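Chains, contacts and geometry: an overview
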Amino acid sequence: MPSARLAPDAAAFYAAQSAFSDPGSLAPLYADLPDDPAQLACLARDLMVHRLEGDLFRHVIPQGRLHNDAETRYLDVILRITVERNDAPLTQRREVGDRFVGVCRDFALLYCSFLRHAGTPARLRSGFADYFGSDGFHSDHVVTEYWDKERGWLLADPQLADPLVSDTFKVDFDPMDVPRDRFLVAGKAWQAIRAGDADPKTFGLHLPEEGPMSGEWFVAHDIRIDLAALNKVETLLWDTWGTGAGGNREMTDATCALYDQASLVVCDDVPFDAARKLFAENEGLRTPKTVLSLAPFNGPSEVTLR
């Protein structure tokens, strides 16, 4: 099999830590980590529990952790919380009660940080997964995309690296190689909707008490999140900014045309230079220094990023 090739500037960019993925002063904790991507996914999984997994793991998550852990934007703080609860090496599986209580973005960010430390180019991808249910709904989700020297960019979902989780959702694929028709990156979802091949109401987020939040505006939001992550600005999923951030009322023809353009960049085969240029030059898409965070439990607030 011929080797895949990644341009040197893109390889260097995605192999370096970001302000969000950098372990900072806690980098020595990474000393004994392996280099193998599959092993690293399992280690990331064993340090965290999703805040909706309490029942699955038969654990009552304390309210403070449920509400606050996933508001942690930066990996150095995530690590600090983790080792304060259990100061064992990161290679040691934590009991559920000792884990960081996060969401998909946190699994993906920790895993991405591990991969970058190992010298493997990696980045977060925001989009929609169809494997958390069987009703055809595409759930808002974040995975990690990493560079395989033989096959190119692969999607990996570290949240599925625990057999209990993958068995619960009847996952029938390798979590280290998520099929691209099972996880649609945001631009691909947008294109399917605009072509009339997909119902926008089937893309979004199911809220236990409020029902689904879905539609073109939600997919546009994920395009902004994905473009930011492609530029190594790995925000929280509920950080909002830019054109279309006001919801359906802002999805005008001009707004949709902007996302038609952006969807060509935040796609499966990302054109690196175009992703950098679009983010740098388009104020309606670029993450500003201060964002509006619509925290699910703690309510909205303005947050100035590092």
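As a reminder, the structure under discussion sits directly above these lines.
Note that the structure is a prediction, hence the values are computed from the model and not measured.

1. Regarding the overall build of the protein
Per the secondary structure count, the protein includes 10 helices and 11 strands. For a compact globule of 306 residues, the expected C-alpha radius of gyration is about 19 Å, and the protein comes in at 18 Å, within 12% of that figure. Reported as C-alpha extents along the three principal axes, the dimensions of the protein are approximately 55 × 50 × 40 Å. Put simply, the protein has 306 residues, and 55% of those count as buried. Surface summary for the protein: the accessible area is close to 13,500 Å², and the carbon and sulfur share equals 51%. One way to put it: in the protein the 31 positive side-chain charges average out to a point 3 Å from where the 47 negative ones average out.

2. Regarding the pattern of salt bridges
Across all of its chains, the model carries 19 salt bridges by this definition. With its nearest N and O atoms 3.1 Å apart, the salt bridge here joins E234 to R116. Here E234 is found in the loop between α8 (216-230) and β9 (239-240), whereas its partner R116 is found in helix α5 (residues 104-117), with 118 residues between them in sequence. As far as the burial class goes, E234 and R116 line up, both buried.

3. Overview of the sheet that holds β9
Strand order in this open sheet of 3 strands is β9-β10-β11, and the pairing throughout is antiparallel. Of all the strands in the sheet, just β9 and β11 (299-304) have a single pairing partner and so form its edges. Here β9 pairs with strand β10 (residues 290-295) via 2 bridges, running antiparallel. Residue pairing across strands places D239 opposite S293, the latter belonging to β10.

4. Observations concerning the packing of helix α7 (residues 186-194) against helix α9 (residues 253-263)
One can describe the packing of α7 onto α9 by two numbers: an axis separation of 9 Å at closest approach and a directional angle of 130°. Comparing the axis directions of α7 and α9 gives the class oblique. Handedness of the crossing formed by α7 with α9: left-handed. For the pair α7 and α9, contact is made by G187, W190, Q191 and R194 and by C256, Y259, D260 and S263, respectively. Looking at the contact of α7 with α9 residue by residue, the class counts come to 3 nonpolar, 3 polar and 2 charged.

5. Description of the state of the cysteines
Within the structure shown, the criterion is met by 0 disulfides. Note on C42: no disulfide assigned, nearest cysteine sulfur contributed by C112 at a separation of 17 Å. C112 takes part in no disulfide bond, and the closest cysteine sulfur to it belongs to C104, at a distance of 14 Å. The exposure class assigned to C112 is buried, which follows from its relative accessible area of 0%.

6. Remarks on the side chain of R51
Within the fold, R51 resides in the loop between β1 (48-50) and α3 (63-68). At 4.6 Å, E71 is the nearest oppositely charged side chain to R51, a buried residue that forms no salt bridge. At 3.1 Å, the side chain of R51 forms a polar contact with the backbone oxygen of L66. Filtering out sequence-adjacent residues up to four positions away, R51 remains in contact with I61, L66, H67, A70, V101, G102, V103, W238, P296 and F297.

Reading the values: rules and limits
- Residues numbered from 1 in each chain as written.
- Predicted model: local features only at pLDDT ≥ 70, side-chain atom pairs only at ≥ 80, totals over all residues.
- Heavy atoms only, no water.
- Helix = DSSP H or I, 4+ residues; strand = E, 2+ residues; numbered from the N terminus.
- Rg over C-alpha atoms; globule rule 2.2 N^0.38 Å.
- Buried < 20%, exposed > 50% of the residue type's maximum accessible area, 1.4 Å probe, protein only.
- Areas by Shrake-Rupley, 256 points an atom, 1.4 Å probe, with all protein chains shown as cover.
- Lys, Arg positive; Asp, Glu negative; His and termini not counted.
- Charge placed at Lys NZ, Arg CZ, Asp CG, Glu CD.
- Salt bridge = Lys/Arg side-chain N within 4 Å of Asp/Glu carboxyl O.
- Pairing = 2+ DSSP bridges.
- Axes fitted to C-alpha atoms, helices over the stretch in contact; angles between N-to-C directions.
- Parallel < 35°, antiparallel > 145°, perpendicular 65-115°, else oblique.
- Left-handed = near helix turned anticlockwise from the far one by under 90°.
- Contact = heavy atoms within 4.5 Å.
- Nonpolar A, V, L, I, M, F, W, Y, C, P; charged D, E, K, R; others polar.
- Disulfide = S-S within 2.5 Å.
- Polar contact = N/O pair within 3.5 Å; in protein donor to acceptor, adjacent residues only side chain to side chain.

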